[in-house]
Each structure stands twice: as structure tokens, then as C-alpha cells.
Amino acid sequence: MSKNAIIAGLVVFVIAALFPFWFNIGGTNAAPEIELSAKAKAAKKCVLDKYDMRANHMTILDDWRDSVVRDSDRMYKSTNGKEFEMSLSTGENSCLGCHTDKEKFCDRCHNYASVAPYCWECHTDPKEVTQ
Amino acid sequence: MNQKYMLPLAGVFLLFLLAYAGVEGAGLQWFFGIVIPYLAVIAFIWGFVNRVMGWASSAVPFRIPTTCGQQKSLPWIKQNCIDNPDKASGVFIRMLLEIFLFRSLFRNTKAAFNRDENNRLTYSWEIFLWVGALAFHYGFLVVLIRHLRFFMEPVPASLAFLEYVDGIVQIGLPGIFLSGLVLLAAALFLLARRIFDVKVSYISLAADYFPLFLIIGIAATGIAMRYFTKVDITGVKEFTMGLVTFHPVIPPGVGGLFYAHVLMVSVLFAYFPVSKLMHAGGIFLSPTRNMANNTRAKRHVNPWNYAVDVHTYEQYEDHFRDKMIEAGLPVDKEE
């Protein structure tokens, strides 16, 4: 191979390998801010602690789904001693009952991390229904 | 126990423990999360370019394409344009198939003695190395591309589509990505082949095992973080975006496992240019594949050749004309 072809290939390689750097010139490292609703702020406590919740909420929802659908057991006793009703979107005591704004609470991070949960193939955002 | 794989295995465990303990125990997030990744990127790019430039400056004295089909010959003999190319277009297709489908590996054979009274040596087609290699490389490629979601904001629809296809099985939450499992399974298969196939084991060195263990470690920590121990993914993206925008941040609540993953990936990148992994760049420069077999149609002069003083027949005749005429030998010029 001619030396020019090799150097051209190397240039392509370096540009491709440094893609994350030049693509983000002028970008920011700031993650989107989650907005807690007034109700969630007042409640102070969620099912789990903050970082636990950030990392594990999908597993909890998955467990809840199995528990509700298969065993019709809707009570969840959290590690912090509180009891919650297992429900994503129905009623005041559900996830969305407290975190009322799905747009500002769920979607911001999901979009940021490119996560497309299939919750909403069956569930609806109560807010969307009333609109 | 074979030290050729025990040493690299211990090395990878050590790397894991180093990062895990360094972060969980000593709080060295800045070192394993910021210093090491930047150094790894520099080592990777610089080392890769350096290595290829070294290859580029070495001479290619001979035309040595491997020919696996009929050479261009008389017009009524059908040429195999790809396996014995005489033009650049044929070479291009041959390289394309080699790079994307590992065609020469597809022809892999194994030699073994028949287990009967004849005890004859037979060669048989051995396809599983090719299957494993293909699964491994494409699994790794998809995993690598999927990780771009941590380096792009907003994430483009094409990446979301790739994730959708990769996660089509929808088992559990978060849903399973097939590519990660394929990568881990294929790497384990390639490792098992090196350990249990005695002939391959005999020719395997620590440098063959180390990248395998490293990649298995990377895949295992990645899978563990996604499916089992879980990690705050928004924090992770904050961290990666911080690295690529040169405003590094250390997210709270992200534990040692993540930094172990990052350290192993960094070591893989830094190790890449000084190891067998450079076949990624080297495949483009393989002289047995990237040359056209046109030695009969074109003259290729070895660049090593020094200028030879040639004594032509004319000079010879000028020198001996008198004696040749005297002896009655025919000459071109009488004078």
C-alpha cells in the first residue's frame, strides 16, 4: 500500500477515535435537573433512598408488576419502614400520584440516558388522560 | 496450572481490585476516573499511529498475494476475480470480505490423526473459530457503538434504534441487550478453546490470554452493573460527558464497580497498540491480501535493489569483436 493511502487511513482512524471529543465541543456535562412536585417534596421519603432509587427503581417496578399481576399482593414494605401501595399510575399513593409530572420527573433522565422504558405501552400518565 | 493463563488472570483480578479498593477504600475517584482514562486515550491514539507509521515505513520487497483461485490467464479460462485479483477493484472486494467476514478464517482447517488402525493424518474443516470470532467482534462492535449514548447529548435516533433492536428480547428490567451476552459468551468460548484444545493451548502465550481475560472482565463488570448491582446511569453519563467536554466531574453515589470497569477499559485501550490487538490496524496492511496478483502484467522492482552495473551484449561484442571474427563466430556489427 502506498504511504499516502496509509496516512489517509490513519487520519480517518484518529478522527473516528476522537469522535466523542470533537462531537461535544461546546457541549456541557450538566445532567438534566429532576423537578420534584410539591407533594413529593413534602413527603420527604420515597420507597428507597435517593441513589438507591436512582439505580434500582426499574427492578422495583418489575418486582411490583409480578407481585400485583401474579399474586395480587399490592402492599410494599420498604426498608425505611414505610408501607406503600404497589402502583405506578393509579391513585394518590402511586408513583405518579406523588411524582405528578412525568415529563419533568421520568422523561428527563430517561431521554438523557437514552432509555426507552416500555411502561407506557400499557400504563398512561394520569395527567395526559385529564388533558 | 498453566502459568501462561494464571498470570494474566491474576493481573486482571489485580486491576479490578486496584480500582475497586482505590475507590471504595482510598477515595481515589479522580485518579481512576479522570487521570487514567485521559492517559489511556493518549496512549491509544499515539501508540496506534506510531505502530502503523512504523509498518508504513518498512519496505515491501515482494509481490506476495496469497492466491486462492484461478489467476488471470487466457481469455477462455475463467479468472477468479476476488480470490486471485489482478485489479484494484478485486483487491478492494477481497479486503472488504476479509475485514467484515473474516474470510480467511472461514477456511480454517484442523489436522488430526484418524482414531483407527490406519492412523492417517486428515484435515477437516473447522468452522467454530470463525463463528466464535465473528460473534465476538460483532458483539463487541455493537457494545462499543451502544456506549456512544454516554458520549452524545442528545442521543440520536439511530442509536436508540440500535438499542431497540439489541433489546428486542425484553427480558427483565432493564431489558437484556443481546450484544453484551454474545460478547461474553464468545469471549468465554475463545478462552475455552485456548485452554482445552491442547494444540492451541501449546501455542498460547500470556499475551493471548491477557486481552481475553480483560475483555471478559469488562463484559462481566458491565453486565453486573446493568443487571445485578445497578448503577445510577444519569450520574455515569454526567461523568462521561464531563470527560469528553474536559470538565470532569465525579458523580456522587457511583461505586467501585464502575471505576473497575473504567480502569479495565482504559488498560485495554492503552494496551491495544503494543499487543496482538493491533491486528485491527494490521489487517489493512496484510501484504498477502492487499496486493493484486499482476506480477506477469506489470514489472515490480524490489525497492531494495541497488543499481547493478550491466554488461550488455553490445558492450560484450565491442570488447571481443576481433577475437570473435577471428574464431569465425557470427557478430551483429562487422566493424
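Rules used in this analysis
- Residues numbered from 1 in each chain as written.
- Chains lettered and ligands numbered in written order.
- Predicted model: local features only at pLDDT ≥ 70, side-chain atom pairs only at ≥ 80, totals over all residues.
- Helix = DSSP H or I, 4+ residues; strand = E, 2+ residues; numbered from the N terminus.
- Rg over C-alpha atoms; globule rule 2.2 N^0.38 Å.
- Buried ≥ 20, exposed ≤ 12 C-beta atoms within 10 Å, placed from the backbone.
- Contact = placed C-beta atoms within 7 Å.
- Nonpolar A, V, L, I, M, F, W, Y, C, P; charged D, E, K, R; others polar.
- Pairing = 2+ DSSP bridges.
- Axes fitted to C-alpha atoms, helices over the stretch in contact; angles between N-to-C directions.
- Left-handed = near helix turned anticlockwise from the far one by under 90°.
- pLDDT = per-residue confidence, 0-100.
- Parallel < 35°, antiparallel > 145°, perpendicular 65-115°, else oblique.
- Core = buried A, V, L, I, M, F, W, Y, C linked by C-beta atoms within 7 Å.
- Expected span 1.5 Å × (residues − 1).
- Arc of directions from axis to C-beta.

(A) Layout of the overall build of chain B. Helix and strand counts for chain B come out as 13 helices and two strands. Relative to the globule expectation of 20 Å for 335 residues, the C-alpha radius of gyration of chain B, 29 Å, shows a markedly less compact shape. Principal-axis analysis of the C-alpha atoms places the extent of chain B at approximately 105 × 60 × 45 Å. Of all 335 residues assigned to chain B, the portion counted as buried reaches 27%. Relative to all contacts within chain B whose residues are 6 or more apart in sequence, the contacts with residues 24 or more apart total 65%.

(B) Representation of the interface of chain B and chain A in the model. Between chain B and chain A, the residue contacts involve 34 residues of the former and 29 residues of the latter. Sorting the residues of the side of chain B that touches chain A by element identifies helix H2 (29-56), helix H6 (157-166) and helix H10 (233-244) of chain B as the ones contributing at least two each. For the side of chain B that touches chain A, the element with the highest residue contribution is H10(B), accounting for seven residues. By residue class, the composition of the side of chain B that touches chain A is 20 nonpolar, seven polar and seven charged.

(C) Broad picture of the pairing of strand E1 (residues 109-113) of chain B. Residue and element names in this part refer to chain B. In terms of burial, E1 is a largely surface element, zero of the five residues being buried. In terms of strand pairing, E1 meets strand E2 (residues 121-125) through five bridges, oriented antiparallel. Of the residues in E2, the one forming a bridge with Phe113 is Leu121.

(D) The arrangement of unusual backbone geometry in detail. That bond from Glu153(B) to Pro154(B) is cis: its omega, 0 degrees, falls within 30 degrees of zero. The backbone of Ser114(A) sits at a positive phi, close to 55 degrees, despite the residue not being glycine. For Ser114(A), a count of 22 C-beta atoms within 10 Å gives the class buried.

(E) Summary view of the packing of helix H5 (residues 128-146) of chain B against helix H7 (residues 178-196) of chain B. All names here are of chain B. Direction vectors running N to C along H5 and H7 enclose 145 degrees, while the axes themselves pass 8 Å from each other. Between H5 and H7 the crossing geometry is left-handed. Here Leu129, Gly132, Ala135, Phe136, Gly139, Phe140, Val142, Val143 and Arg146 of H5 come into contact with H7, specifically with Ser179, Gly180, Val182, Leu183, Ala186, Ala187, Phe189, Leu190 and Arg193.

(F) Summary view of the confidence of the model for chain B. On average, residues of chain B score 92 in pLDDT, and 100% of them reach the 70 mark or higher. Here the predicted complex scores 0.88 on pTM and 0.87 on ipTM.

(G) Here's a closer look at helix H6 (residues 102-112) of chain A. Those residues of H6(A) lying buried are Lys102(A), Cys106(A) and Tyr112(A). Phi for Ser114(A), located one or two positions after H6(A), is positive at around 55 degrees.

(H) Structural context of the packing of H2(B) against helix H11 (residues 256-271) of chain B. All names here are of chain B. At a minimum axis separation of 8 Å, H2 and H11 run at an interaxial angle of 20 degrees. It follows that H2 is roughly parallel to H11 by the angle criterion. Crossing geometry of H2 relative to H11 is assigned as left-handed. Along the contact surface, H2 presents Gln29, Phe32, Gly33, Ile36, Pro37, Leu39, Ala40, Val41, Ala43 and Phe44, while H11 presents Tyr259, Val262, Leu263, Ser266, Phe269 and Ala270. Taken together, the residues of the contact of H2 with H11 sort by class into 13 nonpolar, three polar and no charged.

(I) Geometry of the nonpolar core. Residue and element names in this part refer to chain B. Ala187 and Leu263 are the most contacted members of the largest nonpolar core, which totals 48 residues. Elements supplying a minimum of two residues to this core: helix H1 (3-24), H2, H7, helix H9 (206-228), H10 and H11. Ranked by the residues each element gives to this core, the list is headed by H11, at 10 residues. With residues near it in sequence (within four places) discarded, Ala187 still touches Phe136, Leu212, Ile215, Ile216 and Ala219.

(J) Examining the environment of Arg63(B) more closely. Residues and elements named next belong to chain B. The residue Arg63 is located in the loop between H2 and helix H3 (88-101) in this model. By the C-beta count within 10 Å, which is 14 here, Arg63 ends up partly exposed. Remark: the alpha-carbon pair of Arg63 and Asn294, spanning 231 residues in sequence, is separated by 8.5 Å. In this view, Arg63 contacts Met291, Thr295 and His300; residues no more than four positions away in its chain are not counted.

(K) Summary view of H7(B). Residues and elements named next belong to chain B. Spanning 19 residues, H7 covers 26 Å between terminal C-alpha atoms, matching the ideal 27 Å at 1.5 Å per step. Buried within H7 we find Ser179, Gly180, Leu183, Leu184, Ala186, Ala187, Leu190 and Leu191. Axial view of H7: buried residues confined to an arc of 165 degrees, hence all on one face. Facing away from the buried side of H7, by more than 90 degrees, are the exposed residues Ala192 and Phe196.

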